[in-house]
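Now for the letters of each chain:
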Amino acid sequence: KSCSPLIKNNHITNNSAQIWGGGIFCDDASPIIKNNLIDQNTAHSGGGICCVASSSFISENTIVNNTVTNGGGGGGLYCSGGSNTITIFNNTISDNICNDGLGGGIYCNTSHALIENNIINNNKCNASNGRGGGVACVTSTTIIKNNTINNNYATYSGGGIAFGGGVSHLFL
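In this text, all values refer to a predicted model and were calculated from it rather than measured experimentally.

Draft legend 1. Geometry of the sheet that holds strand β23 (residues 161-164). An order of β3-β7-β11-β15-β19-β23 is seen for the six strands of this open sheet, with the pairing classed as parallel. Two strands in the sheet have a free side with no partner beyond their single neighbour: β3 (24-27) and β23. Ignoring strand direction, the axes of neighbouring strands in this sheet form an average angle of 5°. Bridge analysis of strand β7 (residues 49-52) against strand β11 (residues 77-80) gives four bridges, and the strand direction is parallel. Its bridge partner lying in β11, C51 is registered against C79.

Next up, the structure:
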């Protein structure tokens, strides 16, 4: 990857983007995103964090009160990108909202994701066809283990977790 930033010990708040990554956007990168407070950000996809075609390590962050609008996904975190691996480890992902799309807390789209040891709670997917209040994974290879996933809401299906199209691994 052409870029390998360390984003650590920051308060990333009240930012917005028309399309991707209200708080943080990574494209074709290998970021380490650690020990940040990421809150009150807004975007079309990835209200808090959006990683596209990136091998990302996202750890020990508090990702709260972020919002997605206009058909995107991932109120707290959106990841997409084929063969790249996204590791989401030991974060608190809560009170995020996806008003139009999938995944109130996390949305993995065409990705390889390890989601481990996180607290994923109080997230909402309010879209009319909303899926995955806590986590939504579509056409992704996903391992989900040792998380606390509670009190999430989706208008259509998968209040806690929703899967679709080509998920090959799931461990809870």
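Draft legend 2. Representation of the sheet that holds strand β17 (residues 119-121). Taking strand neighbours across the sheet as the criterion, the six strands line up as β2-β5-β9-β13-β17-β21 in an open arrangement whose pairing is parallel. Edge positions in the sheet fall to β2 (11-13) and β21 (148-150), since each has one partner strand and no second. On average, each strand axis in the sheet is tilted by 5° relative to the strand beside it, whichever way the strands run.

Draft legend 3. View of the environment of T67. Within the fold, T67 resides in strand β10 (residues 67-68). The spacing of T67 and A29 is 38 residues in sequence and 23 Å in space, taken between C-alpha atoms.

Draft legend 4. Just unusual backbone geometry, in detail. The backbone of N35 sits at a positive phi, close to 60°, despite the residue not being glycine. Examined against the element boundaries, N35 turns out to sit in the loop between β4 (32-34) and β5 (37-39). Here N35 falls in the partly exposed class, since its relative accessible area comes to 39%. For N151, which is not glycine, the phi dihedral falls at a positive 60°. Positionally, N151 belongs in the loop between β21 and β22 (153-154). A relative accessible area of 59% means that N151 is categorised as exposed.

Cut-offs used in this document
- Here the residue numbers are simple positions, counted from 1 along each chain's written sequence.
- At least 70 in pLDDT is required for a residue's local features to be given in this predicted model, at least 80 for side-chain atom pairs to be given and counted, and no such filter applies to totals for whole chains, interfaces and linings, which use all residues.
- Excluding hydrogens and water, the side-chain values take into account all heavy atoms of the structure.
- Paired strands are those between which DSSP finds at least two bridges.
- Runs of E in the DSSP output that reach at least two residues are strands. Runs of H or I that reach at least four are helices, and both are numbered from the N terminus.
- Axis angles are defined between N-to-C directions and span 0 to 180 degrees, where every axis is a line fitted to C-alpha atoms and, for a helix, only to the segment in contact.
- Each residue is assigned to one of three classes by its accessible area relative to the maximum for its type, calculated with a 1.4 Å probe on protein chains only: buried under 20%, partly exposed between the two thresholds, exposed over 50%.

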